[in-house]
Amino acid sequence: MNQISKTGTNTESTGRWGAELLGGGGARFRLWTQGQNAIWLRHRGRDIPMHDAGGGWFQLTVAEASAGDAYMFVLPDGKAVPDPASRAQAGNVHGPSLIVDPRYPWQNSRWRGRPWEEAVISEIHIGAFTPEGTFRAAAQKLKHLAETGITAIEVMPVAQFAGNRGWGYDGVLHYAPHSAYGTPADFKAFIDTAHGLGIMVLLDVVYNHFGPEGNYLHGYAPGFFRKDRQTPWGAAIDFGREPVRRFFIENALYWIDEFQLDGLRLDAVEQIHDTSEKHVLSALAEEVKTAFADRQVHLVVEDQRNLVELLVRDENGAVNAYEAEWNDDFHHVAHIVATGETVGHYKPFADQLWHKLRLALQHGFIYPDRTDPPALPVGERCYLPPTAFVDFLQNHDQIGNRAFGERLVSLSDPDMLDALTAILLLSPHIPFLFMGEEYGERRPFYFFTDYTGELAKIVREGRMAEAEGFGGLKAGKTAADLPDPNALSTFEHSKLDWQWRESEGGRKSLVFVAELLKLRKTHIVPLLRESWAIESGVVEAPEGGVAVWWKFAHRTLALRANLSEQPLILPPVAGTVIYERYGKEAKASENVELPPHSVIFAIEFSGQMEL
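Owing to the predicted nature of the structure, the values given are computational and were not obtained by experimental measurement.

**Points about the overall build of the protein**
Next up, step 1: Of the regular secondary structure elements, the protein holds 15 helices and 28 strands.
Next up, step 2: For 611 residues, the compact-globule estimate of 2.2 N^0.38 gives 25 Å, and the C-alpha radius of gyration of the protein, at 25 Å, lies within 12% of that figure.
Next up, step 3: Seen along its three principal axes, the alpha-carbon backbone of the protein occupies a region of about 85 × 55 × 45 Å.
Next up, step 4: Burial statistics for the protein: of 611 residues in total, 61% are counted as buried.
Next up, step 5: The positive charge centre, built from 58 side chains, and the negative charge centre, built from 80, are 4 Å apart in the protein.

Spelled out as structure tokens, the structure:
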């Protein structure tokens, strides 16, 4: 692995990919190729032959190299390419890479992370989080998140991609923070600031594909990709080759080590195809846990298959591989409840809606180990602890892939949205908010890129098909009305409106969320510490009503909610009420007739609550 020390100081590395400064001076450069008989290093105006180290590897140690130097690799045909493991770029993805000194003066070097049960996550996009769109500017807003009760940030991918703006999922230089956001040191300063405020930082990484522009590996290392398997974005990566496996495993270790990150979120792991004896996902998790046993490091996945095996715990409740998964199942049923939309991705969740909402709250996945067609689970078992599920009402996908990027605040009744927010933030699952959601941000979040020519056309034309999966077009709108992903205005209109935070509506939303998060810290987090293995169940309730309970070691948490448009009689709770929210009508009477959009959470010592 990359032997940069865990405090960010540089030692001589035994790493394989990229350019690294050596402790005694100079730098070592390494590149893996396939079918190339010679490679040159372009550095300080000279093309220097690299040594053939065998197995496709070329290596060179240059005594006079230093931090900040630009370099490229030159192929036999004379084409110069950036380092695929570049730590920083001098400009765009096509130009020179830079040697980076990994040392950084950490102000919070004693930070060791936070337990996962304390996580309340805010997803942010560095470019759209502030008007400036930089790491340094984003760091200035972190105090706001800490004061609200946010304990973790999930940063959308920052690996260098083509152009100056984009979501980040088309990165091609997986080790280099995007130059439009700032330098590697700027990213470290952002993370250091977050740690000083008690906030964990997780980075979204994309190990399932490379972006369509700026990836030169196909030309000099075609074996990096499989010829027999495709992903939605092109040829699948060949994780059966050891140099390819090392590229991504070392990448995970690099981000967590050198940048002191508290974890990673792995994008769309169902598209990581590997038939090796040990799957690369398992190997990656093992190496991360071994390397950072003295820190609380959390690995999260996005997986359309809902594979339970990725998330299982051992007999003591310790995580075997991955801490948690994004729970699209909960989102989809909650979205239907909030908006009434039942097309596209939401269609499979529309029938038995209330049963499925209860399943999502009780178990996490509605469709564990998803089959085609998906099958509902049998029995009342809790196959995973509640902390294995990251629940959300909104994220970048669910907003930005809509035709017009609307947030739920523009799509749902305010009382319904408040009720669902209360359920999200007080359930025992890990809650997740999209940037600005805590203060009721009104601005849309669009899909935006910075492509030109034919690639821009392809992306523009593909937006309609994507939007069909997320609610389709509004009445009276056509594909011609869709925002152009490549227009600068589309990006600019996706930036947060921090002035709304100071408005009457913004302050009201912020107080509402902050109070819920205080209750979560006081009541829910201690429950999660009691035991990792729990029992859960549902109590019979009419359509539109939710009655769910979660039994921990010594106490039971119960939820009663009326998410319909008319009063409902729901089973009573006998425990201590920690939260109650009612809609526009009067409070619930003693016979537990709850008005619309009502939510009650209660806690009682196990065995004493009426369930």
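**Digging into the pairing of strand β24 (residues 555–562)**
Next up, step 1: The buried fraction of β24 amounts to 7 of the 8 residues, a majority that puts the element mostly inside the structure.
Next up, step 2: Both strand β23 (residues 545–551) and β24 contribute to a ladder of 7 bridges, which runs antiparallel. Looking at β24, one finds that W549 is bridged to A558.
Next up, step 3: The hairpin formed by β23 and β24 contains 3 residues between the paired strands.
Next up, step 4: Taken together, the 8 bridges between β24 and strand β28 (residues 598–605) define a ladder with antiparallel strand orientation. Among the inter-strand pairings, R560 is bridged to a residue of β28, identified as I600.

**Description of the nonpolar core**
A general trend in soluble globular proteins is that nonpolar side chains are found buried together.
Next up, step 1: One finds F29, F190, F224, W255, L264, Y322 and L563 to be the most contacted residues of the largest nonpolar core, which totals 169 residues.
Next up, step 2: Once you skip the residues sitting within four places of it in the chain, W255 turns out to touch V158, H174, Y175, A176, P177, F187, L203, V205, Y207, Q260, L261 and L264.

**Notes on the pattern of salt bridges**
Next up, step 1: Tallied over the entire structure, the rule returns 34 salt bridges.
Next up, step 2: Here K188 makes a salt bridge to E258, at a shortest N to O gap of 3.3 Å. With K188 in helix α4 (residues 184–196) and E258 in helix α6 (residues 242–258), the pair connects residues that are 70 residues apart, well separated along the chain.
Next up, step 3: Residue K188 is classed as buried on the basis of its relative accessible area of 2%.
Next up, step 4: Linking R402 and E341 is a salt bridge whose minimum nitrogen-to-oxygen distance equals 2.8 Å. Of the two residues, R402 sits in the loop between α10 (396–400) and α11 (414–426) while E341 sits in the loop between α8 (328–339) and α9 (353–363), which places them 61 residues apart along the sequence.
Next up, step 5: Connected through salt bridges with shared partners, the residues E154, D204, R265, D267 and E302 form a single ionic network.

**Focus on the pairing of strand β13 (residues 171–177)**
Next up, step 1: Burial within β13 is extensive, with 7 of its 7 residues counted as buried.
Next up, step 2: Bridge analysis of strand β12 (residues 159–161) against β13 gives 3 bridges, and the strand direction is antiparallel. Note on β13: the bridge partner recorded for F161 is G171.

**A closer look at the packing of α6 against helix α7 (residues 280–291)**
A pair of packed helices is captured by two measures, namely the crossing angle of their axes and the spacing between those axes.
Next up, step 1: Two elements in contact, α6 and α7, have axes separated by 10 Å at closest approach and are oriented at 35 degrees. Classified by chirality, the crossing of α7 by α6 is right-handed. Between α6, through R245, R246, F248, I249, A252, L253 and I256, and α7, the contact on the second element is made entirely by V280, A283, L284, E287, V288 and A291.
Next up, step 2: Residue classes in the contact of α6 with α7 are distributed as 10 nonpolar, no polar and 3 charged.

**Some words on the side chain of R265**
Next up, step 1: Inspection of the secondary structure assignment puts R265 in strand β17 (residues 263–266).
Next up, step 2: Side chain to side chain, R265 and D204 meet in a polar contact 2.9 Å long.
Next up, step 3: Apart from residues no more than four positions distant in its own chain, R265 is found in contact with E154, Y169, L203, D204, V205, V300, E302 and W326.

**A look at the packing of aromatic side chains**
Next up, step 1: A full pass over the atoms with the stated rule returns 40 aromatic pairs.
Next up, step 2: Note on Y254 and W255: the rings are 5.0 Å apart at their centroids and 55 degrees apart in plane angle, and the pair reads as tilted.
Next up, step 3: Judged by relative accessible area, which is 1%, W255 ranks as buried.
Next up, step 4: Just above the ring of W326 sits the side chain of R265; from NZ or CZ to the centre is 3.9 Å.
Next up, step 5: Of note, K477 hangs over the ring of F404, and the distance from its end group to the ring centre comes to 5.8 Å.

**A few points about the sheet that holds strand β2 (residues 27–32)**
Next up, step 1: With antiparallel pairing, the 4 strands of this open sheet are ordered in space as β1-β2-β6-β5. Looking at the sheet topology across the chains shown, the edges are occupied by β1 (18–21) and β5 (51–54). With strand direction ignored, the average angle separating the axes of adjacent strands in the sheet is 25 degrees.
Next up, step 2: The sheet contact formed by β5 and strand β6 (residues 57–62) spans 3 bridges and is antiparallel. If you follow G54 over to β6, its bridge partner there is W57.

**Notes on the environment of A561**
Next up, step 1: Its place among the elements puts A561 in strand β24.
Next up, step 2: Distance from A561 to L488, taken between C-alpha atoms, is 43 Å for residues 73 residues apart in sequence.
Next up, step 3: Dropping the residues within four chain positions of it, A561 is found in contact with I423, G544, G545, V546, L570, S598 and V599.

**Observations regarding unusual backbone geometry**
Next up, step 1: Although it is not a glycine, R44 sits at a positive phi angle of roughly 55 degrees.
Next up, step 2: Within the element layout of this structure, R44 appears in the loop between β3 (40–43) and β4 (46–49).
Next up, step 3: Positive phi, close to 40 degrees, is recorded for A268, a residue that is not glycine.
Next up, step 4: Tracing the sequence through the fold places A268 in the loop between β17 and α7.
Next up, step 5: Using a relative accessible area of 5% as the deciding quantity, one classes A268 as buried.

**Section: α8**
Next up, step 1: Between its first and last C-alpha, α8 extends 16 Å over 12 residues, near the 16 Å set by a 1.5 Å rise per residue.
Next up, step 2: Among the 12 residues of α8, 11 are classified as buried, and the element is accordingly described as predominantly covered.
Next up, step 3: Every buried residue of α8 is accounted for by D328, D329, F330, H331, H332, V333, A334, H335, I336, V337 and A338.
Next up, step 4: Elements that come into contact with the buried residues of α8 comprise β19 (324–326), α9, β20 (389–392), α10 and α11.
Next up, step 5: One side-chain oxygen at the N-terminal end of α8 lies 3.3 Å from the backbone nitrogen of D329; it belongs to N327.
Next up, step 6: One or two positions beyond α8, positive phi appears at G340, with a value near 80 degrees.

**What about the packing of α8 against α11?**
Next up, step 1: It is the contact of α8 with α11, at a shortest axis distance of 10 Å, that shows an interaxial angle of 155 degrees. One finds that α8 runs roughly antiparallel with respect to α11. At the point where α8 passes α11, the crossing takes the right-handed sense. Along the contact surface, α8 presents F330, A334, V337 and A338, while α11 presents M416, L420 and L424.
Next up, step 2: Grouping the constituent residues of the contact of α8 with α11 by class yields 7 nonpolar, no polar and no charged.

So, how was this worked out
Residues numbered from 1 in each chain as written. Predicted model: local features only at pLDDT ≥ 70, side-chain atom pairs only at ≥ 80, totals over all residues. Heavy atoms only, no water. Helix = DSSP H or I, 4+ residues; strand = E, 2+ residues; numbered from the N terminus. Rg over C-alpha atoms; globule rule 2.2 N^0.38 Å. Buried < 20%, exposed > 50% of the residue type's maximum accessible area, 1.4 Å probe, protein only. Lys, Arg positive; Asp, Glu negative; His and termini not counted. Charge placed at Lys NZ, Arg CZ, Asp CG, Glu CD. Pairing = 2+ DSSP bridges. Core = buried A, V, L, I, M, F, W, Y, C linked by side-chain atoms within 4.5 Å. Contact = heavy atoms within 4.5 Å. Salt bridge = Lys/Arg side-chain N within 4 Å of Asp/Glu carboxyl O. Axes fitted to C-alpha atoms, helices over the stretch in contact; angles between N-to-C directions. Left-handed = near helix turned anticlockwise from the far one by under 90°. Nonpolar A, V, L, I, M, F, W, Y, C, P; charged D, E, K, R; others polar. Polar contact = N/O pair within 3.5 Å; in protein donor to acceptor, adjacent residues only side chain to side chain. Phe/Tyr/Trp six-rings, centres within 6.5 Å; stacked < 30°, edge-to-face > 60°. Lys NZ or Arg CZ within 6 Å of the ring centre and 35° of its normal. Expected span 1.5 Å × (residues − 1). Parallel < 35°, antiparallel > 145°, perpendicular 65-115°, else oblique.

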